[in-house]
Every structure is written in C-alpha cells, then in structure tokens.
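# Geometric and topological summary
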Amino acid sequence: MNALNADLQQINLLPHQRDAHLESVKVFGRDPTNADPIFTKEGIETLTRHAFNSPSQTTSRNALRCLANAMLLRANTRQIFVDLGYMSKACTKLKFDSRDDEFLVSRIIFLTTYDTNIDIEKLIDEEKLADIIGQNISRHGKQCGQKTKKPFDPMQEMALIESLKLMFNLTHFCPQRSITFSPALQPILSIISKRPISDRTPLEQPIAPLVNALINLDFESKDNAASLFPKVSPNSNVDCLVGILDKSIKVYADEELEQLVSPLLTLLRKMYEVAPDETKQHMRSTILPSTEDRQQPLGRTESLSSKLLRLSTNPATPQVRESISSLLFDMSDKDARSFVQNVGYGFASGFLFQHNVPIPENALEAWSTEGSEASNTRASQDGRNLNGRVNPITGQFLDKEEHVEEVKMTEEEKEREAERLFVLFERLKKTGIVDIKNPVETAFHEGRFEELPDDSSE
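We now turn to the structure provided with this report. None of these values were measured; they are calculated from a predicted model.

We now examine unusual backbone geometry. With omega at 10°, the peptide bond leading from Gln-205 into Pro-206 counts as cis. One non-glycine residue, Lys-128, lies in positive phi territory at about 55°. Along the chain, Lys-128 turns up in the loop between helix 8 (120-125) and helix 9 (129-143). Assessed through its relative accessible area of 42%, Lys-128 is described here as partly exposed.

Here it is, written out as structure tokens:
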C-alpha cells in the first residue's frame with residue numbers, strides 16, 4: 001500500500017509493477033485480519049484514486065476490484081469512499097460500454113447504499129444514474145436471445161445482476177424517483193421472456209434479480225402499462241411469470257420460497273392491480289380454483305391453485321402465506337364474501353380475521369341455499385354461478401362430497417353419551433372460568449326432558 005500511495009505522489013512504478021502490487025492487495029484484502037492498511041482512510045483513498053484516475057484500464061479495474069472487496073468486508077470503508085467525493089466519477093465510468101466496469105462500479109455504488117449518507121436523489125437528478133443503469137440493462141436486453149458464434153462470457157450475466165441489484169436498492173431507498181427507472185422495464189421483461197426457465201431452479205440468477213428489479217417500479221404510468229400488457233399479446237408477460245411461479249412452488253423448500261417466491265407473488269399482485277379487465281379475467285382463470293379443483297375439497301389436487309392454497313396456510317413461510325392470500329383477496333375484488341366463495345371459508349378465515357375484515361352474515365348461506373340472488377361471476381375459473389352447489393367451508397361441489405352413513409345409536413349408547421356430556425358440563429361449570437348452564441339441566445327445567453318407562457323400545 002505504501003508503494004501504491006507513493007506512486008500517486010510521484011510516478012515511480014511501471015504499469016506491470018503497479019498491477020502486481022494491486023494484485024497482492026487483492027489477495028491480502030480477502031482476509032481483513034492482517035490487512036489493516038487497506039481498510040484505513042489512506043488505504044481507501046489510494047485505491048480510489050488508482051481506480052478512477054488511472055489512464056490504464058487494467059490498473060483501474062484492478063484497483064476497482066480491491067476497492068469493492070474492501071467495501072464489502074468493512075462497512076466503515078463505504079462512508080470513507082463517499083466522503084472522498086468520487087461518486088460523480090463513478091457514475092461517469094458506469095456509462096462506458098464495458099461489462100467489467102459495469103460489474104465493478106455497480107457493485108461499489110450498490111454497497112454505498114448501505115451505512116452511508118449517500119444522496120441518491122442527487123445521483124439520479126444530477127448524474128443521471130437511472131438513465132445510465134437503464135442504458136446498461138437495455139444493452140443486455142438487445143444481446144439476450146441473439147445468436148452469436150462468440151463463446152459465452154460469464155461477465156455479461158454478472159454485470160447484469162449487479163445492475164439489477166443496484167436498481168432495486170435505488171428504487172427501494174428512493175421511491176420518489178422510481179419513475180426515472182421506467183425505461184428499464186421493457187428490456188427486463190424482454191430478458192425474462194427470452195431466457196429458458198429451468199425446471200430445477202426456475203428462479204436462478206438472473207431471473208430472481210430481474211423480478212426483484214421490477215417490484216418498486218411505477219406500473220400506473222401509461223407507457224409502463226403498455227410494456228406490461230402489450231396490445232399484440234396482453235397476457236404474455238403474466239403467463240411467463242405465472243409459469244415461473246408454478247415451477248418454483250414445486251421445487252423450492254420453505255426457506256427458498258420465502259426468499260425467492262415472495263417477490264414474484266408481490267410482482268403479480270402489482271400487475272393485477274393495473275391490468276386491463278381482460279387480463280384480470282385471464283389471471284383469475286389461471287390462479288383461482290377451477291371446476292376440476294372443486295371435485296374435491298379445495299387444496300387437494302395438484303393444480304397451481306391447489307398448491308397456492310396449501311402454501312397460504314404454511315406456518316413456515318409467513319411472507320409467502322401473506323402474499324398468496326393477498327393476491328387471492330385482490331382477485332376477489334377485496335370483498336370478503338367473494339373471497340370466501342373463491343377459496344372456501346377454511347382458507348379465507350385466517351386472512352380475514354388477521355386483517356380485521358368482517359365477514360357478511362350471508363357469506364356462507366349464499367353457498368348453501370339454492371336460488372340465491374347473489375352474483376358470483378368471478379368466483380371460479382369458469383365464471384359460473386355456483387350458489388347453492390358448493391360447500392362453503394371446503395369449496396367442494398356438494399354433489400361430489402362423500403356421504404358417510406351414520407350408524408344409529410342404541411338407547412343405551414344415547415344414555416351413556418348424555419351422562420358423559422352432563423359430567424363434562426358440570427366439571428366445566430365448577431372451574432368458574434365460564435358461566436355455563438348444563439343443557440341437560442336446562443331441558444329438564446323447561447319440561448323438554450321425558451322419562452321413558454323401562455319397557456320402552458324407542
């Protein structure tokens with residue numbers, strides 16, 4: 001570090017010597033235990049000046065690697081870098097059409113969004129950082145799907161991932177400027193639609209970062225809505241994301257579901273809110289229970305709807321559970337009665353109670369009474385009126401339920417059951433926890449208790 005610092009005061013190193021010193025710094029910097037000089041204010045300034053002032057691209061990138069590694073390992077170095085006032089030069093360097101520079105500089109700016117006083121609004125307004133990121137992502141969008149004889153460069157994907165992570169953080173920490181990132185929406189959707197989705201790891205990188213980058217964008221603007229729901233095929237992006245969701249819930253365990261699938265569900269929910277009516281109907285027909293699902297109690301089949309309903313009650317995935325229930329509630333027009341009719345009271349009750357949503361008194365009756373006047377055009381994939389034909393608790397068609405014939409109790413069995421209940425109520429009454437009256441005693445005092453003769457057969 002002393003040699004590199006002295007070289008800044010007066011050039012005394014040849015290019016290959018300077019790069020060799022930086023390579024040594026990179027190696028020693030991987031373990032901060034015995035590399036204190038790298039993480040001091042002087043050390044960070046030395047690396048920063050070589051990174052952004054060197055005329056040599058090789059030297060600059062070597063210094064950028066050392067700087068990014070130091071900022072990753074020691075959080076205090078991030079504020080040191082910000083205080084040096086090199087953010088403008090960092091944004092300028094990010095403009096270069098270089099995947100190496102895109103990867104390194106995006107990571108450095110990304111790290112400054114944590115534990116520093118960085119002014120994100122200033123970077124977006126004055127340095128046009130949102131435009132620069134949008135241009136870089138657009139380059140990736142144009143390259144995606146192109147046939148080329150050149151060997152695959154892993155730096156292409158690594159640079160894209162860093163740009164997406166940076167975009168997510170900037171829109172998360174500065175939501176008031178999220179609209180400036182709108183130009184990146186179309187290329188991101190294009191990359192998602194063109195990339196093959198793995199059956200084993202459907203949300204592998206860069207798919208998960210691509211999804212995350214979209215979450216904080218403003219979908220209500222006219223241009224963004226046109227990108228999300230193109231006139232030629234308004235359902236194409238929705239179908240792509242739902243396909244990824246279907247694959248994901250088949251293969252990921254609880255912890256991965258929380259981390260990877262929750263953002264995807266949030267994105268689908270945001271898209272549903274601004275989707276045109278025909279796309280909303282398409283999403284309901286894809287995600288809500290179908291006629292086939294209602295041949296059994298809801299959640300029993302292997303359809304996407306059933307798997308989502310099962311996850312909506314999974315205690316190990318609270319974020320996924322909340323996201324699924326919220327999506328289904330939104331698809332029920334945020335109406336408690338429609339929600340119960342769509343997914344059954346068994347799946348709806350927990351969400352409704354948790355969010356203090358009152359359930360109409362006739363929410364269950366409408367499903368068990370023939371000839372109800374309630375319209376239920378959105379209560380199933382088929383859009384049919386299911387009133388009077390569906391079990392309100394399980395969501396299953398009544399005529400498909402298994403009817404269990406009850407074995408009639410003998411008089412002796414009835415007496416034993418009555419005695420057992422009498423004892424249980426008496427014990428509960430003696431606890432003093434609740435003021436309860438034994439129903440057998442009540443029936444006796446009201447004259448509804450009849451003592452039969454010993455020779456009675458009934």
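Read on, since the account is not over.
This paragraph deals with the environment of His-172. Along the chain, the position of His-172 falls in helix 10 (residues 154-173). Judged by relative accessible area, which is 44%, His-172 ranks as partly exposed. As for His-172 and Ile-215, which are separated by 43 residues in sequence, their C-alpha atoms are 9.0 Å apart.

Enumeration over the complete set of coordinates arrives at 19 salt bridges. Residue Asp-97 pairs with Arg-139 through a salt bridge whose shortest N-O separation is 3.5 Å. Pair noted here: Asp-97 is in the loop between helix 6 (87-94) and helix 7 (99-112) and Arg-139 is in helix 9, with a separation of 42 residues, a long-range link. Asp-97 sits in the exposed class, given a relative accessible area of 57%. A salt bridge links Arg-195 to Glu-157, with the shortest nitrogen-to-oxygen separation between them at 3.3 Å. Taken together, the residues span a long stretch of sequence, with Arg-195 in the loop between helix 11 (185-194) and helix 12 (207-215) and Glu-157 in helix 10 at a distance of 38 residues. Arg-195 sits in the partly exposed class, given a relative accessible area of 24%. Under the relative-accessibility criterion, Glu-157 is labelled partly exposed at 21%. Connected via shared salt-bridge partners are Asp-97, Arg-99, Glu-102 and Arg-139.

Rules and cut-offs
- Residues numbered from 1 in each chain as written.
- Predicted model: local features only at pLDDT ≥ 70, side-chain atom pairs only at ≥ 80, totals over all residues.
- Heavy atoms only, no water.
- Helix = DSSP H or I, 4+ residues; strand = E, 2+ residues; numbered from the N terminus.
- Buried < 20%, exposed > 50% of the residue type's maximum accessible area, 1.4 Å probe, protein only.
- Salt bridge = Lys/Arg side-chain N within 4 Å of Asp/Glu carboxyl O.

Functional significance is not addressed by these values, which are geometric in nature.
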